[in-house]
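Structural features, examined
Next come the chains, spelled out residue by residue.
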Amino acid sequence: KLCEGVQSAYIGFDATAKSLHIGNLTGIMMLHWFQQSGHKPITLMGGGTSKIGDPSGKNAERNALSDADIEENMRNIQSTCFTQFLTYGDGESDAIMVNNDDWLNSLKYLEFLRDYGRFFTVNSMLKFDSVRTRLERESPLSLLEFNYMVMQGYDFLELNRRYGTCLQMGGSDQWGNIINGVDLAHKADRKQVFALTAPLLTTPDGKKMGKTADGA
């Protein structure tokens, strides 16, 4: 696919803190080398999904953030983390930043469930590590968090429709969420898209680094 011409790929970053952490550098460098190879990187800011929070690697629900906090976090992340490694602009292989709140905030709940909910099975969603671990530990998993993987899958579909994006990259803990998007694009639009993950950079005790975790 990459030999057919300039392609776009993205990684999603939730704006749950004012900066990213060293664990995110792996993903940023994936986008950096993708651009150095002549392709177009997209940094997707989770202005919408940050209102929920990714349950992956979490034992408890995140604290809710206000819209103002999320906006401030996105501005800080763009200016301090991305521009050092990616070239933004209007060129064919220049990076762009996109906010998923642009489409998630306008979704009508019933219409979304009718059009896309049928493509997700609870059976498969229960098998994802982020869900299974919480259930095994009998830790609460809210319906809000359970919907996160549906929102992330829809992001891939929306970016493919808007920009022809064919690849989502991320850390290995995101494999299940990314595959949701791959399956959704195939089922909803008959499009073939791809997934690529990298090993996580972890804390000394082997846990995933997170923007809201101690020590990251």
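These numbers were taken from a predicted model, which means no experiment stands behind them.

Here we look at the environment of G153
Along the chain, G153 falls in helix α8 (residues 148-163). Taking C-alpha positions, G153 is 9.7 Å from G176, a pair spaced 23 residues apart along the chain. Those residues in contact with G153 that lie beyond four places of it in its chain are N180, G181 and L184.

Some points on the pattern of salt bridges
Evaluated as defined, the whole model comprises six salt bridges. With a shortest N-O distance of 3.5 Å, E4 and K1 are connected by a salt bridge.

Side note on the packing of aromatic side chains
For the structure on display, the rule yields five aromatic pairs. Ring geometry for Y10 and F156: centres 5.5 Å apart, planes at 70°, overall edge-to-face. Placement of the pair is Y10 in strand β1 (residues 8-13) and F156 in helix α8, with a sequence separation of 146 residues. In this structure Y10 comes out as buried when scored by relative accessible area, which is 1%. Through a chain of ring-to-ring contacts, three or more aromatic side chains come together here, namely F112, Y116 and Y154.

Describing the sheet that holds strand β5 (residues 194-198)
A sheet is described by the order of its strands in space; here five strands give the open sequence β3-β2-β1-β4-β5, paired in parallel fashion. On the outer flanks of this sheet lie β3 (96-99) and β5, each paired with one strand and no other. Direction aside, the axes of adjacent strands within the sheet are offset by 30° on average. Relative to strand β4 (residues 167-171), β1 runs parallel, the two sharing two bridges. Bridging from a neighbouring strand, A9 pairs with L167 of β4. Packed onto the sheet, α8 meets β1, β2 (40-45), β3, β4 and β5 and runs at close to 145° relative to β1. Packed onto the sheet, helix α9 (residues 175-189) meets β4 and β5 and runs at close to 170° relative to β5.

A short note on the packing of α8 against α9
Orientation of α8 relative to α9, taken along the N-to-C sense of each, is 55°, at an axis distance of 8 Å. In terms of orientation, α8 lies oblique with respect to α9. Seen along the crossing, α8 lies across α9 with a hand that is right-handed. On the side of α8, the interface is formed by Y148, M149, Q152, G153, Y154, F156, L157 and R161, while α9 contributes N177, I178, N180, G181, V182, L184, A185, A188 and D189.

Calculation rules
Residues numbered from 1 in each chain as written. Predicted model: local features only at pLDDT ≥ 70, side-chain atom pairs only at ≥ 80, totals over all residues. Heavy atoms only, no water. Helix = DSSP H or I, 4+ residues; strand = E, 2+ residues; numbered from the N terminus. Contact = heavy atoms within 4.5 Å. Salt bridge = Lys/Arg side-chain N within 4 Å of Asp/Glu carboxyl O. Phe/Tyr/Trp six-rings, centres within 6.5 Å; stacked < 30°, edge-to-face > 60°. Buried < 20%, exposed > 50% of the residue type's maximum accessible area, 1.4 Å probe, protein only. Pairing = 2+ DSSP bridges. Axes fitted to C-alpha atoms, helices over the stretch in contact; angles between N-to-C directions. Parallel < 35°, antiparallel > 145°, perpendicular 65-115°, else oblique. Left-handed = near helix turned anticlockwise from the far one by under 90°.

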